[in-house]
Amino acid sequence: DKVRVTWDAAGGATSYEVYRASSAAGSKTNLGSTSATMYDDAMIVVGTTYYYWVTACYTPGCGGYSSHDSGYAGLPAPILISPPESSVVKDMTPTFEWTAPPGAIKFELQVDDNSDFSSPLVEESLTSTSYTLSSVLADGDYYWRVRSNAGSAIWSNYTAAWVVTVDPFKVYLPIIMRP
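Since this is a predicted model, take the numbers as computed values, not measurements. (Residues numbered from 1 in each chain as written. Predicted model: local features only at pLDDT ≥ 70, side-chain atom pairs only at ≥ 80, totals over all residues. Heavy atoms only, no water.)

Would you mind going over the overall build of the protein in detail, with residue names and values included?
When its secondary structure is counted, the protein shows zero helices and 15 strands. Looking at the 179 residues of the protein, the share that counts as buried comes to 34%. Relative to all contacts within the protein whose residues are 6 or more apart in sequence, the contacts with residues 24 or more apart total 62%. Roughly 10300 Å² of accessible area belongs to the protein as shown, and the carbon and sulfur atoms make up 52% of that amount. (Helix = DSSP H or I, 4+ residues; strand = E, 2+ residues; numbered from the N terminus. Buried < 20%, exposed > 50% of the residue type's maximum accessible area, 1.4 Å probe, protein only. Contact = heavy atoms within 4.5 Å. Areas by Shrake-Rupley, 256 points an atom, 1.4 Å probe, with all protein chains shown as cover.)

This is how it looks when you write it as structure tokens:
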């Protein structure tokens, strides 16, 4: 997990110094120098709010601190369990299950027949790690994903989407091998 800090380029700057603190008035720690206009802070504790400052550096030296901005070290995404990736289910109201990362207290489940989740058929905010659909799905392929939350306004990233095929009439016939 990481917090990505970004800023606008300062005209003529050759590099930038990035600082972090645990409060707006806290002691600043220099995280390092970069020539890019972004910095990925991977030395974080999940569930913590950090404050960041950036200083533009020029050939003679570095300027003053920018105004601070905060970044939240969010939760990791849940881990999907069931229905498994690329599975076929006969149940037209399947149960979706996932694991909760430490600190997660709520989740958002999305189910869509489009892989880009442009028109979710299901979008539920939940406090449990499973959900059984109340409406029937038609035959076809459905994509599902989940994200987690620790009680703040900031959510984890969604999991990678898994596809499940709903086909209640699919019959599995044994293969007979003849000598």
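Describe in detail the packing of aromatic side chains, supporting the description with residues and values.
Pairs of aromatic rings are described using the distance from one ring centre to the other and the angle between the two planes. Within this structure, the stated rule accounts for four aromatic pairs. With 5.0 Å between their ring centres and 55° between their planes, F96 and W144 make a pair best called tilted. Placement of F96 in strand β10 (residues 95–99) and of W144 in strand β14 (residues 140–149) is noted, with a sequence separation of 48 residues between them. With a relative accessible area of 0%, W144 lands in the buried category. Aromatic pair W98 and F107: ring centres 5.9 Å apart, planes at 65°, arrangement edge-to-face. According to the relative accessible area criterion, W98 is buried, its value standing at 2%. Grouped by ring-pair contacts, the aromatic residues F96, W144 and W162 constitute a single cluster. One Lys or Arg, K28, reaches over the ring of W53 and ends 4.5 Å from the middle of that ring. (Phe/Tyr/Trp six-rings, centres within 6.5 Å; stacked < 30°, edge-to-face > 60°. Lys NZ or Arg CZ within 6 Å of the ring centre and 35° of its normal.)

Got a sec to walk through the pattern of salt bridges? Specific residues and values, please.
On inspection of all chains with the given rule, the structure shows two salt bridges. A salt bridge links D41 to R20; the shortest N-O distance between them is 2.7 Å. Placement of D41 in strand β4 (residues 38–41) and of R20 in strand β2 (residues 15–21) is noted, with a sequence separation of 21 residues between them. R20 matches D41 in its accessibility class, with the two residues each being buried. Close ionic contact of E108 with R147 constitutes a salt bridge, the shortest N to O distance being 3.1 Å. Taken together, the positions of E108 in strand β11 (residues 106–112) and R147 in strand β14 put the pair 39 residues apart, joining distant regions of the chain. (Salt bridge = Lys/Arg side-chain N within 4 Å of Asp/Glu carboxyl O.)

So what's going on with the confidence of the model for the protein? Which residues, and what values?
Averaged over every residue, the pLDDT of the protein is 83; the share at 70 or more is 84%. Of all secondary-structure elements in the protein, the lowest mean pLDDT belongs to strand β7 (residues 69–72), at 50, while strand β13 (residues 130–132) reaches the highest, 97. (pLDDT = per-residue confidence, 0-100.)

Talk me through the side chain of T159; I want residue IDs and the actual numbers.
Mapped onto the elements, T159 comes out in the loop between β14 and β15 (162–166). Assessed through its relative accessible area of 10%, T159 is described here as buried.

Can you lay out unusual backbone geometry for me, pointing to particular residues and giving the numbers?
Between S82 and the following residue, P83, the backbone shows a cis peptide bond with an omega angle of 0°. Phi is positive for S86, close to 60°, though the residue is something other than glycine. With respect to the helices, strands and loops of the structure, S86 is situated in the loop between β8 (79–82) and β9 (87–89). One non-glycine residue, F117, lies in positive phi territory at about 55°. Among the structural elements, F117 can be located in the loop between β11 and β12 (122–126). Residue classification places F117 among the buried positions, given a relative accessible area of 8%.

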